[in-house]
Amino acid sequence: MARAGAGVAAAILRNWPQFLELESSAEPPCAVILCGPGNNGGDGYVVGQHLSARGWRVEVLRELNHSHEGAAAHALANLPAAVEQHGFAMAATGHRPDIIVDALFGIGCTRPLGTEYLALFGAVAARPPRPATARWRHIPKVVAVDCPSGFDLDRGVFLAPEPPRSLDQEALTEWSTDESRRHIATDLCVTFHLPKPGHVLSALSGQRLEIVDIGLPGGAGKDAAALADLPKQPHALRLVDPVRGNRPKAFQRWFQSVTHLDKAAHKYQRGHAIVLSGGLGQGGAARMAARAALRIGAGAVTIAAPQSAVPETAAQINALMLRPLPDSYTLRGWMEDDRLRALCLGPGLGHKRAQEMVPAALWGKRATVLDADALSCFGEDPQVLFNHLHEDCILTPHEGEFRTLFPDLAAELHQSDRLTLTRRAAERAGAVVLLKGPVTVIARPDGCASVHPALRERAAPWLATAGAGDVLAGMITGLLATQDPHHRDILGAAELAVWMHVEAARQFGPGLLAEDLPDELPALMRALFA
Ligand SMILES: NC(=O)C1=CN([C@@H]2O[C@H](COP(=O)(O)OP(=O)(O)OC[C@H]3O[C@@H](n4cnc5c(N)ncnc54)[C@H](O)[C@@H]3O)[C@@H](O)[C@H]2O)[C@@H](O)CC1
Ligand SMILES: Nc1ncnc2c1ncn2[C@@H]1O[C@H](COP(=O)(O)OP(=O)(O)O)[C@@H](O)[C@H]1O
């Protein structure tokens, strides 16, 4: 708690250095800290201690007759006398502060925030400004400790607050359409140890987030080692957000735990993957996917093209292999070859060919990645697809394809959270579902899920380019091809692929074309294995 509170105070000064100059002035910066009954409130007291020691005017608002326990009680007892303490009833009294700290509830918030708490922020912000202060100081910044109070850090949503009982119908409509009356809007969120899924899902994803190292093992943002040791239990949730830097060993371990690369293996032991291609003039997407599969580690990758597209494809590839695939009977025949470990269907495949080939591919019970046309061709009756899926499949829809397969869930995308909806989709499909986007969510049918953000310092806007998804499908296929068929880890392969996809895009930077991504992989892997 001592480190957490000190970290929040330091983050405030880092984010608004203009307050530093005022610290020894006649109008020093002012903070109102709203402290709750638990440890989040305790962190708030520590923030107060630090700001007060720097010459800030600090006012703590708390439930005066609540008695704290443990570290929070200690932090309260250590508040200097200069810090004013008032009950919540005094929220509207006094002058408007420069900073409002929300230390009411953090991860312990289990139920929606009562309107009495929500009203506190409005009341403090509506106080009259200090007469002699510059205009820029009239709008207080709101800083959340861990997360805004009432937020669910597992799902990334505000726990729906109950409307006040006194509202008539008209007032209730106004209340439910005005976000500011239901949620606390913050300018900065300061969390501890590691970011939590909720920090990157929906509401908080665009916000300033600071992570304070409080000395727990793993350190701030360096959770690659933890990724390799993922607990595999159902409903586990983790954030795939390792920071690359001085921990190549941990990444190496992660990479090795997902791929099962044997140093002495020959090419078929490293895994053979097949990427199905569409017809004449439609093969670019499959070629990019196949190149990505080969680059990321599959020992051999074959493009399976219709006869008409064979000359065109042959003219464009070298290390990739090519076989004509006239029909689904032929594909079923290929399944007799045990060396075939993974299949990728969808990129540029065409609806007609996808409808024919997907059931045959799934019949073979290999690790199978279904993307693009292999998903959208089942728009009329998604259940037909779900009936064929098995536990070693992964569906990689973008939001449009998600809508096609799960129209009822997609209708909730903007009200509910992506994590819950992706979990429900995976459960319904009976396969892993990876919902693409700047925040990618991956869920297994048993509820185990991952969230991967390409936000803030890891933003990769260049990935919004045609064909990037085809490359991702190929990368997942390539990783799956390396795995022992008896010990597949579909979720792990998807996480690693999504992470490397973003890293590859960031490494290339502006001007990225999807076809550049596979050739970024060797440098990325060299860095991992350095
Ligand atoms: N490793 C950790 O867990 C650390 C936690 N720290 C702080 O501790 C916080 C968690 O502390 P607590 O577990 O005490 O929980 P909180 O302080 O978030 O909540 C306190 C209690 O309020 C009650 N409550 C929940 N929702 C409510 C609601 N809507 N209305 C009224 N009462 C409600 C619950 O009984 C809950 O236990 C974190 O958010 C963080 O600020 C930090 O000190 C750093 C280390
Ligand atoms: N703004 C963005 N930031 C990070 N990643 C993005 C962004 N936009 C798209 N992506 C990623 O790029 C890929 C695009 O896939 P998709 O929409 O299927 O494209 P395509 O069908 O053209 O291949 C996905 O992996 C998605 O997560």
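Computed from a predicted model, the values in this text were never measured in an experiment.

## Considering the site of ligand 2
Phase 1: In the region of ligand 2, 17 residues are neighbours, and Lys436, Gly437, Gly467, Gly469 and Asp470 sit closest.
Phase 2: The contact in question runs from an oxygen atom of ligand 2 to an N or O atom on the backbone of Gly469, over 2.7 Å.
Phase 3: Asp470 places a main-chain nitrogen or oxygen 3.2 Å from an oxygen atom of ligand 2.
Phase 4: Bound to the protein, ligand 2 loses 78% of the 580 Å² it would expose on its own.
Phase 5: Because more than half of its atoms lie within 2 Å of the grid, ligand 2 is assigned to the largest pocket.
Phase 6: Ranked by the residues each element gives to the shell around ligand 2, the list is headed by helix α20 (residues 468-482), at four residues.
Phase 7: For the shell around ligand 2, the residue count by class is nine nonpolar, six polar and two charged.

## Quick notes on the domain arrangement of the protein
Phase 1: Split into domains, the protein comes out as domain 1 (2-222) and domain 2 (267-528).
Phase 2: Here domain 1 and domain 2 have C-alpha centroids that lie 43 Å from each other.
Phase 3: Listed by partner, the interface residues are 11 residues for domain 1 and 10 residues for domain 2.
Phase 4: Carbon and sulfur atoms supply 63% of the area buried between domain 1 and domain 2, which totals about 800 Å² over both sides.
Phase 5: Applying the counting criterion to the domain 1 and domain 2 interface returns zero salt bridges.
Phase 6: Linking domain 1 with domain 2 are zero residue pairs in polar contact (both at pLDDT 80 or more).
Phase 7: With three residues, helix α7 (residues 197-200) is the largest single contributor of residues to the side of domain 1 that touches domain 2.
Phase 8: Tallied by class, residues from the side of domain 1 that touches domain 2 come to six nonpolar, three polar and two charged.

## Things to note about the site of ligand 1
Phase 1: In the vicinity of ligand 1, 20 residues are found, and the nearest of them are Asn40, Asp43, Gly106, Arg111 and Asp146.
Phase 2: Measuring from an oxygen atom of ligand 1, one finds a backbone N or O atom of Ile107 at 3.0 Å.
Phase 3: At 2.6 Å from an oxygen atom of ligand 1 is found a side-chain nitrogen or oxygen belonging to Asp146.
Phase 4: Within the complex, 72% of the 860 Å² of free accessible area of ligand 1 lies under protein.
Phase 5: Considering each element in turn, the shell around ligand 1 owes the most residues, three residues, to helix α2 (residues 39-53).
Phase 6: When the residues that make up the shell around ligand 1 are grouped by side-chain class, the tally is 11 nonpolar, six polar and three charged.

## Remarks on the pattern of salt bridges
Phase 1: Scanning the model with the defined rule gives 17 salt bridges in all.
Phase 2: Residues Arg57 and Glu27 are paired through a salt bridge, measuring 3.8 Å at the closest nitrogen-oxygen approach. Remark: Glu27 occurs in the loop between α1 (2-15) and β1 (30-35) and Arg57 occurs in strand β2 (residues 57-61); sequence separation between them is 30 residues.
Phase 3: Judged by its relative accessible area of 35%, Arg57 falls in the partly exposed class.
Phase 4: Taken together, the shared-partner salt bridges connect Arg291, Arg295 and Asp519 into one network.

## Remarks on the packing of α1 against α2
Phase 1: The N-to-C vectors of α1 and α2 enclose an angle of 55 degrees; their axes lie 8 Å apart at closest approach. Considering the angle they form, α1 stands oblique to α2. Where α1 crosses over α2, the two elements pack in a sense that is right-handed. Only Asp43, Val46, Val47, His50 and Leu51 of α2 make contact with α1, whose side of the interface consists of Ala2, Ala4, Gly5, Ala6, Val8, Ala9 and Ile12.
Phase 2: A breakdown of the residues in the contact of α1 with α2 according to their chemical character gives nine nonpolar, two polar and one charged.

## Re the packing of aromatic side chains
Each aromatic ring pair is specified by the distance between its two centres and by the angle formed by the two planes.
Phase 1: Taken as a whole, this structure holds seven aromatic pairs when the rule is applied.
Phase 2: Ring centres of Phe19 and Trp136 lie 5.7 Å apart, and the angle between their planes is 40 degrees; this geometry places the pair in the tilted category. Linking Phe19 in the loop between α1 and β1 with Trp136 in the loop between α4 (115-125) and β5 (141-145), this pair joins segments that are 117 residues apart in sequence.
Phase 3: Overall, the relative accessible area of 42% leaves Trp136 in the partly exposed class.
Phase 4: A ring pair is formed by Phe402 and Phe406, whose centres lie 5.0 Å apart and whose planes are at 45 degrees; its orientation type is tilted.
Phase 5: Residue Phe406 is classed as buried on the basis of its relative accessible area, which comes to 0%.

## Description of the nonpolar core
Phase 1: Ile394, Leu480 and Met500 are the most contacted members of the largest nonpolar core, which has 59 residues in total.
Phase 2: Ranked by the residues each element gives to this core, the list is headed by helix α21 (residues 490-508), at 12 residues.
Phase 3: The residues touching Met500, leaving out its near neighbours within four places in the chain, are Phe255, Ile296, Met475, Leu521, Leu524 and Met525.
Phase 4: If you look at the next biggest cluster of nonpolar residues, it comprises 50 residues, including Phe402, Ala410, Leu413 and Leu421.

Criteria and thresholds
Residues numbered from 1 in each chain as written. Chains lettered and ligands numbered in written order. Predicted model: local features only at pLDDT ≥ 70, side-chain atom pairs only at ≥ 80, totals over all residues. Heavy atoms only, no water. Near = heavy atom within 4 Å. Polar contact = N/O pair within 3.5 Å; in protein donor to acceptor, adjacent residues only side chain to side chain. Areas by Shrake-Rupley, 256 points an atom, 1.4 Å probe, with all protein chains shown as cover. 1 Å grid on protein atoms, 1.4 Å probe; cavity = no way out; pocket = protein on both sides within 12 Å on 5 of 7 lines; lining within 4 Å. Sits in = over half its atoms within 2 Å of the grid points. Helix = DSSP H or I, 4+ residues; strand = E, 2+ residues; numbered from the N terminus. Nonpolar A, V, L, I, M, F, W, Y, C, P; charged D, E, K, R; others polar. Domains from an automatic or database assignment. Contact = heavy atoms within 4.5 Å. Buried area = accessible area lost by both parts, 1.4 Å probe. Salt bridge = Lys/Arg side-chain N within 4 Å of Asp/Glu carboxyl O. Buried < 20%, exposed > 50% of the residue type's maximum accessible area, 1.4 Å probe, protein only. Axes fitted to C-alpha atoms, helices over the stretch in contact; angles between N-to-C directions. Parallel < 35°, antiparallel > 145°, perpendicular 65-115°, else oblique. Left-handed = near helix turned anticlockwise from the far one by under 90°. Phe/Tyr/Trp six-rings, centres within 6.5 Å; stacked < 30°, edge-to-face > 60°. Core = buried A, V, L, I, M, F, W, Y, C linked by side-chain atoms within 4.5 Å.

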